[in-house]
Amino acid sequence: MKAVIFDMDGVLFDTEAVCMQAWMEVAEKWGLPKMEEVFPLVIGLNANDSRQVVFDAYGEDFDYPLFREHTAAWFRDYVGKNGIPVKPGVREILEWLKSAGYAVGLASSTKRESVLSHLKHTGLDDYFSVVVGGDMVEHSKPLPDIYLLACERLGVEPGETYAIEDSPNGIRSAHRAGMCPIMVPDMIAPDEEMRRLSCVILEDLTQALAFLRERTAAE
C-alpha cells in the first residue's frame, strides 16, 4: 500500500454535526418538516446530488440556492466564533504517514475552495499533496469518480490506496473505486452493508493509526 486518502467532514473535522445543526436551524425558520430525516441522506454528497435529495423531499420549486446561502452563513458564523473542530488523532496520523513515506490526499464532497480554507485555518494544508473537492466532479460519492480522480492525481492505483471515511456514501465510493476503505463512523452507525464493504471499521483515528502501523510493519 502506497497512499492514504482522507475524507474531510466527519473524519478530519467534527463538522457534520455543525452542518446538521445549521440545516436544522434554517429548516425550523423556514417551516420545513422532517429535516432530521433529510439531512442524513446528503452526508457525503456534493452540491449537485444534495440538491436533488432536497428537491425530492420539498419539491422541484424549492429555493435550494437560497437555503444553502442561509445554512452556509450559519456555519460560517459558528466557525467564526468557535473555530473548526479538529477530530482527535488527526495530527498524529498525518505526521506518521508523512514520516512513513505514504502519499496523502484528500477527497471531499465539499467544494475545493472550502476544503482548502478549512485546511489552511487548521494548519493542516501542508500534509496533503492532492486535494479534490466535490465541485471537481459531476457526481460525487457514492459514485467512485472523486476517489478515482484523487488516485490519478496522486499517481497511485486505487488497489494500493486506503480511503478513510465516516459515511456510508463515502465507503460505497471508495469500494467502487477499488480501494481499501477504512470506516471511522461519525454520525451514522455502520450496518451490515458497511461491514461488508469496509476493509475494517474502527472507532477513531487513533485506532486507524495503530491499524496502519501494524499493516505497514507486516508488509
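Below is a short write-up of the structure. These figures come from a predicted structure and were not determined experimentally.

**Here we look at the environment of Glu95**
Inference 1: Checked against the element boundaries, Glu95 lands in helix 5 (residues 90-100).
Inference 2: Assessed through its relative accessible area of 39%, Glu95 is described here as partly exposed.
Inference 3: Separated by 32 residues in the primary sequence, Glu95 and Tyr127 place their C-alpha atoms 7.9 Å from one another.
Inference 4: Here the side chain of Glu95 touches Tyr127 through a polar contact of 2.5 Å, side chain to side chain.

**Re the sheet that holds strand 1 (residues 3-6)**
Inference 1: Here we have six strands laid out as an open sheet, ordered 3-2-1-4-5-6, and parallel in their pairing. Of all strands in the sheet, those with a lone pairing partner are strand 3 (130-132) and strand 6 (200-201), marking the two edges.
Inference 2: Two strands pair when backbone bridges link them, and strand 1 and strand 2 (residues 103-107) are joined in this way by four bridges, in the parallel orientation. Within strand 2, the position partnered with Ala3 by the bridge is Ala103.
Inference 3: Sheet strands touched by helix 8 (residues 168-177): strand 4 (161-165) and strand 5 (180-183). Its angle to strand 5, the strand with the most contacts, is close to 165°.

**Focus on the state of the cysteines**
Inference 1: The final tally for this structure, using the stated rule, is one disulfide.
Inference 2: Each sulfur of the disulfide joining Cys180 and Cys199 lies 2.3 Å from the other. Note that Cys180 is positioned in strand 5 and Cys199 in the loop between helix 9 (192-197) and strand 6, a separation of 19 residues in sequence.
Inference 3: Taking the relative accessible area as the measure of exposure, Cys180 reaches 9% and is therefore buried.
Inference 4: Of all cysteine sulfurs in the structure, the one in Cys180 sits closest to Cys151, which takes part in no disulfide; the separation is 12 Å.

**What about the pattern of salt bridges?**
Inference 1: Under the definition given, this model contains eight salt bridges.
Inference 2: Its salt-bridge partner being Lys141, residue Glu165 comes within 2.6 Å of it at the nearest N-O pair. Here Glu165, found in strand 4, pairs with Lys141, found in the loop between strand 3 and helix 7 (145-154); they are 24 residues apart in sequence, far enough to count as distant.
Inference 3: By relative accessible area, Lys141 is classed as buried at 1%.
Inference 4: Through salt bridges with shared partners, one network takes in Asp7, Lys141 and Glu165.

**Brief notes about the packing of aromatic side chains**
Inference 1: As enumerated under the stated definition, the model contains 11 aromatic pairs in all.
Inference 2: A ring pair is formed by Trp23 and Phe67, whose centres lie 5.1 Å apart and whose planes are at 85°; its orientation type is edge-to-face. Residue Trp23 is found in helix 1 (residues 16-30), and its partner Phe67 is found in helix 4 (residues 64-82); the two are separated by 44 residues along the sequence.
Inference 3: Given the relative accessible area of 5%, Trp23 is considered buried.
Inference 4: Of the residues examined, Phe67 reaches a relative accessible area of 0% and is grouped as buried.
Inference 5: Summarising the aromatic geometry, the rings of Trp30 and Phe67 are spaced 5.5 Å apart at their centres and angled 75° between planes, so their arrangement reads as edge-to-face.

**Section: the pairing of strand 4**
Inference 1: Counting buried positions along strand 4 gives five out of five residues, so the element sits mostly inside the fold.
Inference 2: Along strand 4, one buried face is formed by Thr161, Ala163 and Glu165 and the opposite face, lined by Tyr162 and Ile164, is buried too.
Inference 3: Taken together, the four bridges between strand 1 and strand 4 define a ladder with parallel strand orientation. Along strand 4, the bridge assignment pairs Phe6 with Ile164.
Inference 4: Both strand 4 and strand 5 contribute to a ladder of four bridges, which runs parallel. Bridging across to strand 5, Ile164 finds its partner in Ile182.
Inference 5: Following the chain from strand 4 across helix 8 to the adjacent parallel strand 5, one finds a crossover that is right-handed.

Calculation criteria
- Residues numbered from 1 in each chain as written.
- Predicted model: local features only at pLDDT ≥ 70, side-chain atom pairs only at ≥ 80, totals over all residues.
- Heavy atoms only, no water.
- Helix = DSSP H or I, 4+ residues; strand = E, 2+ residues; numbered from the N terminus.
- Buried < 20%, exposed > 50% of the residue type's maximum accessible area, 1.4 Å probe, protein only.
- Polar contact = N/O pair within 3.5 Å; in protein donor to acceptor, adjacent residues only side chain to side chain.
- Pairing = 2+ DSSP bridges.
- Contact = heavy atoms within 4.5 Å.
- Axes fitted to C-alpha atoms, helices over the stretch in contact; angles between N-to-C directions.
- Disulfide = S-S within 2.5 Å.
- Salt bridge = Lys/Arg side-chain N within 4 Å of Asp/Glu carboxyl O.
- Phe/Tyr/Trp six-rings, centres within 6.5 Å; stacked < 30°, edge-to-face > 60°.
- Right-handed = clockwise from strand over helix to strand, strands pointing away.

Remember, this is a structural readout, not a statement about activity or role.
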